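Okay, here's what each chain looks like letter by letter:
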Amino acid sequence: MPDLDSVADALYGLDPGDFVAARSEFAAQAREAGDRELTAAIGRLRKPTVAAWMVNLLARERADELAALLDIGSALRTAQRRLSGSEMRKLSEQRRRVVAALERDAGRLAADRGRTVSESALREVGRTLNAALSDPDIGEQVRQGRLDAIVESDGFGDLSAMPLTVVRGGSEEYDEDDRTAAGKSARKSKGEREPTEREKADQAAREAEIDEAAAALDSAHSAAEEAREAASAAEQELARHEEEVAELRAKLEHAEQQRTFARRAAAEAKKRVVAAERAVSAAEVDLARTKN
């Protein structure tokens, strides 16, 4: 008898429509094995919503892309602690791209399994992914692929408009040099030191790594999309050939039936020829007798 983790993994990978029957079967097996505790634990496993099931599909079928998204969440939390506005804006844009791509993937995975999902369900998938970004505990739940409902969190919010520094004063607009000078002034007024060249180099290196990781993720998504398109084309080609084979088999079956009919007709014709020849012979004998 499998343990609870194995049962949960199996159940939360199923379509929600198949969940209850499979759970009952696992519970019956545990009951027959005399394991009351496992029977009760299995019975407490809740049927997932469609949106939760789609997130679970991503954990199973798009594990690498999901891991990359969670890495962005870790980088966002680090940038938030450092109050690095430029880094957070860049990561926020990457977050939106990856979440949108995973939402589309979730819809395709559901469609591959015969499910047509609503826009609201896809939005719930996106909210759960954003919650996983902001909270490592939620991220781990998502990674395990055993959600029974969507998880929401305030998360990081919209970080794309986060300024590099806080500029005090009226509604006057500042250029980049003004913001830099204001930032230096603010740091001095708070007694903060200027970042060293080494720290600047480290930050630049981190940003370069983030850009490289994002580019690699985009490339992976493109490659996956191309592979899915190629697989779809191959399946269509296979279906066309299978249809041709079915048509040829039908024609062959029809031809074999016609051949059988023709054989029977030929055999009957031969019998009639033999009978006719016998009748001719008998008639010739009768004619000879009459003449004599």
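In this report, the structure presented in the accompanying data block is examined. (Residues numbered from 1 in each chain as written. Predicted model: local features only at pLDDT ≥ 70, side-chain atom pairs only at ≥ 80, totals over all residues. Heavy atoms only, no water.)

1. As for the packing of aromatic side chains
- Inspection of the entire model under this criterion finds one aromatic pair.
- Considering the side-chain rings of Tyr12 and Phe19, the 5.3 Å spacing of their centres and the 45° angle between planes classify their relative orientation as tilted.
- A residue is classified by how much of its surface remains accessible, and Tyr12, at 3% relative accessible area, is buried.
- A residue is classified by how much of its surface remains accessible, and Phe19, at 0% relative accessible area, is buried. (Phe/Tyr/Trp six-rings, centres within 6.5 Å; stacked < 30°, edge-to-face > 60°. Buried < 20%, exposed > 50% of the residue type's maximum accessible area, 1.4 Å probe, protein only.)

2. Overview of the nonpolar core
- By size, the foremost hydrophobic cluster in this structure holds 32 residues, and its most contacted members are Met54, Leu69, Val125 and Leu129.
- Looking at this core, the elements that each hand over two or more residues are helix 4 (50-61), helix 5 (63-82), helix 6 (85-112), helix 7 (119-134) and helix 8 (136-144).
- At eight residues, the largest contribution of residues to this core is made by helix 4.
- Beyond its immediate sequence surroundings of up to four residues, Leu129 is in contact with Leu58, Leu66, Leu69, Val99 and Leu102.
- Judged by nonpolar contacts, the second largest core, of 12 residues, contains Leu11, Tyr12, Phe26 and Ile42. (Core = buried A, V, L, I, M, F, W, Y, C linked by side-chain atoms within 4.5 Å. Helix = DSSP H or I, 4+ residues; strand = E, 2+ residues; numbered from the N terminus. Contact = heavy atoms within 4.5 Å.)

3. Some thoughts on the environment of Asp15
- Inspection of the secondary structure assignment puts Asp15 in the loop between helix 1 (4-11) and helix 2 (16-32).
- Note on Asp15: relative accessible area 17%, which makes it buried.
- Spatially, the C-alpha atom of Asp15 lies 9.2 Å from that of Met54, the residues being 39 residues apart in sequence.
- Look past the residues within four positions of Asp15 in its chain and what remains in contact with it is Trp53 and Arg115.

4. Some words on the packing of helix 1 against helix 2
- In contact at an axis separation of 10 Å, helix 1 and helix 2 are set at 160° when each is read in the N-to-C sense. Of the possible angle classes, the one that applies to helix 1 and helix 2 is roughly antiparallel. Note on packing geometry: the crossing formed by helix 1 with helix 2 is right-handed. Across the interface between the two elements, Val7, Ala10 and Leu11 of helix 1 pack against Phe19, Ala22, Arg23 and Phe26 of helix 2.
- Its residues placed into classes, the contact of helix 1 with helix 2 shows six nonpolar, no polar and one charged. (Axes fitted to C-alpha atoms, helices over the stretch in contact; angles between N-to-C directions. Parallel < 35°, antiparallel > 145°, perpendicular 65-115°, else oblique. Left-handed = near helix turned anticlockwise from the far one by under 90°. Nonpolar A, V, L, I, M, F, W, Y, C, P; charged D, E, K, R; others polar.)

5. Some details on helix 4
- For helix 4, built from 12 residues, the straight-helix expectation of 16 Å at 1.5 Å per residue is met to within 8% by its first-to-last C-alpha distance of 16 Å.
- By the criterion of burial, helix 4 is predominantly enclosed, with nine of the 12 residues buried.
- Within the sequence span of helix 4, burial applies to Ala51, Ala52, Trp53, Met54, Val55, Asn56, Leu57, Leu58 and Ala59. (Expected span 1.5 Å × (residues − 1).)

6. What to know about the pattern of salt bridges
- Within this structure, the stated rule accounts for 10 salt bridges.
- For Asp15, the salt bridge identified is with Arg115, shortest N-O distance 2.9 Å. With Asp15 in the loop between helix 1 and helix 2 and Arg115 in the loop between helix 6 and helix 7, the pair connects residues that are 100 residues apart, well separated along the chain.
- The class for Arg115 is partly exposed, based on a relative accessible area of 26%. (Salt bridge = Lys/Arg side-chain N within 4 Å of Asp/Glu carboxyl O.)

7. Points about the packing of helix 7 against helix 8
- Following both chains from N to C, one finds helix 7 and helix 8 inclined at 130°, their axes separated by 5 Å at the closest point. On the basis of their axis angle, the class for helix 7 and helix 8 is oblique. Along this stretch, helix 7 crosses helix 8, giving a crossing that reads as left-handed. Contact with helix 7, carried on its side by Thr128, Ala131, Ala132 and Ser134, involves Pro136, Ile138, Gly139 and Val142 of helix 8 and no other residues of that element.
- Class assignment of the residues belonging to the contact of helix 7 with helix 8 gives a composition of five nonpolar, three polar and no charged.

On their own, these measurements won't tell you what the molecule is for.
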